[in-house]
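# Working through the structure, step by step
The lines below spell out each chain.
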Amino acid sequence: MADKKVSQLTEVTSLPDGAKIYAVDLSRAEGDRDVQIAKSNLVTSTGSSTGNDSHINLEDYGAVADSLGNAGVDSTTAFKNAIADLIALGGGRLYIPFTDGKRFNIDADQDTPIDYSNITIFGGGRIFITGVDPLGNTSRGQFINFASNVENFTIRNIDILVSSDCVRNEFYRGVIGSRQGNFKNINILDCVIKNEVKPEDEVGVDAITFYADSGDSDYTQTIEYLTVKGCEIEIFGRSVYGIQLRRKTLYANIEGNTVSLQYTNQLQQSYNPIAMYGDGEFFTIRNNVVLGGGHSGIACSMAANGVVDGNFVYNITNPVEAGIEIEYKVGHGSAPFMTENINVVNNYVKNCEYGIWIMERDSSPTSLAPRNINVQGNIVEDCIEVGIFACSGLTGTPDYTSRISDISIKDNIVTGATAQGITVYDGHDTEISGNTIKGTGRGVMLGRNANIYPTGFLKVSNNKIIDATVHGIQQESGQAHVIYDSNVVKNNAVHAVNYGNPVAGAKLTCINNISIDSGNRGFTFLNWQANAGTVIRGNEVHNSANKSFDVKIFNGIGDNNMAVNCAGSFTMQIVGSTVLGNNPNY
């Protein structure tokens, strides 16, 4: 073993402690990308052949880079022997060198998990996962299959191409991943993971998947300190994931990856490009680019205490999925786990069915709605249905005791959503503040089937709503204390603010809002005769095509409102003990 040198490495210098620095031979590089990878793969070694400092070269074990496909030279045995030697030494580095456009053909017998503890695979080499394993079975496309309790594994700058003959199996393992045991300190860095083009009705492979063991229904087995960073993932075929973490994941960092699942056909669709499931906690999903997928682009479902920050998500067009989803869904984790304490900030979402949603999907009397979710500083463009959506179920019709709560939707820019810019169908203690909403159907849509909860508040303040093709702000029904404060609604096609048919006990405060160029009425609050405590104060309506104020309330306050150059009449009717005065109509 001591005679097995790292060929293709040239000694550059020695350090005082006896360690040597080696550099990759750039003569093997094919182009700019290869040179860049080579320069990033400087290797520090003490020259020792034992322990974690051991360095071996795949070619020294008989591996030969060859043409693609099953007919090429098989390097599977070489790869297995190299890994076996590193395991015997307690770990070390496996160098897979650059090749001249060819790949090392490997099928690593994926049904045999391996203890990759303390092993690093690196070097910029190219791997082809063949379609038939050594026993003649259809390959599952898996390159790295972890045994239980692997710690301290890194794979860096490896380019993996999977045969189109490979399919994901019933054990839900990816090209890299596992389904058994606990894992710690796993790093997947700057790798390329792709499969060959295949028809969309054929099953593909998952790129990176860590799935809960079949006997771990409570999600107690963990993967701690996982980093997936700088990878390029492109997968063809149906029923596939890009990065799937469906086990108890703690302290994951998913950063700077590009993930594309090519097939989104509703009958033969792929799944999530990035999925944080399985009671995952303390995670960061940051600066990734998602270019299409069959299910939501970034999914945090049964996950908590995390950040989704600075991602770009495009082209999620499934009619019941979103660019970014924060949800509770039975089957994605243990039943009592709460989806909570997640910040969705500074993301760019474009051309998705729904942009960002907060959802209690498949809600039931025992399910738990998400809570304490912050959606702030995002840009959402050209979504087919809703830009930002919060609800228990897609329709908002269930009447369960667990409802979304403590939701903050602030300082976002939403443009071009066909149905609504921002929708909150149910829940309580929610604030929609400081958003710019332009060119949507309804700017802000609130309430459905009385599901705005009777306790807590719903506040809509300091928003700018421009060019809504229906209402600027509309509320269908609700029971909470609803506050409209200092919003500006301009050039909407129908009413600027419309809230009719409240249920008993609802309370409304509407203060300091401005309506400009409304296509119909400015403020319409009808059938509030049975609800006391309403305040309509300090609002302005300019240039409405119909009535400026059409308000009927009971035992409330309506004063210091102003109408300027409106075509219709000024109607403010308050029944019972009222304060009504100083409402000029110019």
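Scope of this entry: the structure provided in the associated data block. Please read all numbers here as calculations on a predicted model, not as lab measurements.

## Here's the deal with the side chain of Asp 206
Summarising the element assignment, Asp 206 is placed in the loop between strand 14 (192–195) and strand 15 (208–211). On the accessibility criterion, Asp 206 (1% relative accessible area) is buried. Within the structure, the side chain of Asp 206 is placed 3.0 Å from the side chain of Thr 209, a separation counted as a polar contact. Apart from residues lying up to four places away in sequence, Asp 206 is in contact with Arg 168, Arg 173, Gly 174, Val 175, Ser 239, Val 240, Tyr 241 and Gln 244.

## A look at the pattern of salt bridges
Tallied over the entire structure, the rule returns 11 salt bridges. Taking the shortest distance from any N to any O, the salt bridge between Lys 350 and Asp 382 comes out at 2.8 Å. With a gap of 32 residues between them, Lys 350 in strand 30 (residues 348–350) and Asp 382 in the loop between strand 33 (379–381) and strand 34 (386–391) connect regions that are remote in the sequence. Accessibility expressed as a relative area gives 24% for Lys 350, which makes it partly exposed. Given the relative accessible area of 37%, Asp 382 is considered partly exposed. Where Arg 521 meets Asp 550, a salt bridge forms, and the shortest distance between an N and an O atom there is 2.9 Å. Here Asp 550 lies in strand 52 (residues 549–554) and Arg 521 lies in the loop between strand 48 (514–516) and strand 49 (523–528), a separation of 29 residues in the sequence. A network of salt bridges, in which partner residues are shared, links Lys 194, Glu 232 and Glu 234.

## Re the nonpolar core
In terms of nonpolar packing, the biggest core is built from 113 residues, with Tyr 116, Ile 121, Ile 160 and Tyr 484 touching the most fellow members. Residue contributions to this core peak at five residues, all from helix 2 (residues 76–88). In contact with Tyr 116, other than residues within four places in its own chain, are Phe 79, Ile 83, Ile 121, Phe 143, Ile 144, Asn 145, Phe 146, Val 150, Glu 151, Asn 152 and Phe 153. Core analysis: the second largest hydrophobic core is formed by nine residues, Trp 357, Met 359, Phe 389 and Cys 391 among them.

## Some points on a nonpolar patch on the surface
A cluster of nonpolar residues, Tyr 225, Tyr 251 and Phe 282, forms a patch on the protein surface that exposes about 290 Å² of accessible area. In this structure, Phe 282 sits in strand 23 (residues 280–286). Judged by its relative accessible area of 39%, Phe 282 falls in the partly exposed class.

## Here we look at the packing of aromatic side chains
Counted by the stated rule, this structure contains 20 aromatic pairs. Aromatic pair Tyr 241 and Tyr 271: ring centres 5.1 Å apart, planes at 35°, arrangement tilted. Of this pair, Tyr 241 sits in the loop between strand 17 (232–235) and strand 18 (243–246) while Tyr 271 sits in the loop between strand 21 (258–261) and strand 22 (274–276); the two residues are 30 residues apart in sequence, bridging distant segments of the chain. Overall, Tyr 241 belongs to the buried group, its relative accessible area being 6%. Among the aromatic residues, those joined into a ring-pair cluster are Tyr 116, Phe 146, Phe 153, Phe 183 and Phe 210. One cation-aromatic arrangement involves Arg 93 over Phe 122; the distance from NZ or CZ to the ring centre is 5.6 Å.

Reading the values: the criteria
- Note that residues are indexed from 1 along each chain, following the sequence as it is written.
- Per-residue local features of the predicted model are confined to residues with pLDDT of at least 70, and side-chain atom pairs are confined, for both listing and counting, to 80 or more; whole-chain, interface and lining totals are unaffected and use all residues.
- Values shown for side chains rest on all heavy atoms present in the structure; no hydrogens or waters enter the calculation.
- For helices the rule is a DSSP run of H or I covering at least 4 residues; for strands it is a run of E covering at least 2, with both sets numbered from the N terminus onward.
- Classification of residues uses two cut-offs on accessible area relative to the type maximum, computed with a 1.4 Å probe and protein chains only: under 20% is buried, over 50% is exposed, and between them is partly exposed.
- Between N or O atoms, a polar contact is any pair within 3.5 Å; within protein, one atom must be a potential hydrogen donor and the other a potential acceptor, and residues adjacent in sequence are included only when both atoms are from side chains.
- Residues count as neighbours in contact if any of their non-hydrogen atoms are within 4.5 Å of one another.
- We count a salt bridge whenever a side-chain nitrogen from Lys or Arg sits within 4 Å of a carboxyl oxygen from Asp or Glu.
- Only buried residues count toward a nonpolar core, which is a set of Ala, Val, Leu, Ile, Met, Phe, Trp, Tyr and Cys residues joined through side-chain atoms within 4.5 Å.
- In this analysis, a patch consists of residues with relative accessible area above 30% that form no salt bridge, clustered at 9 Å for like charges and at 5 Å for the nonpolar side chains Val, Leu, Ile, Met, Phe, Trp and Tyr.
- Accessible surface is estimated by sampling points in the Shrake-Rupley manner with a 1.4 Å probe; for residues, cover comes only from the protein chains shown.
- Between 30 and 60 degrees the pair is tilted, below 30 it is stacked and above 60 it is edge-to-face, where a pair is any two Phe, Tyr or Trp rings, Trp via its six-membered ring, whose centres lie within 6.5 Å.
- For a ring to carry a charge above it, either NZ of a lysine or CZ of an arginine must fall within 6 Å of the ring centroid while also lying within 35 degrees of the normal to the ring plane.

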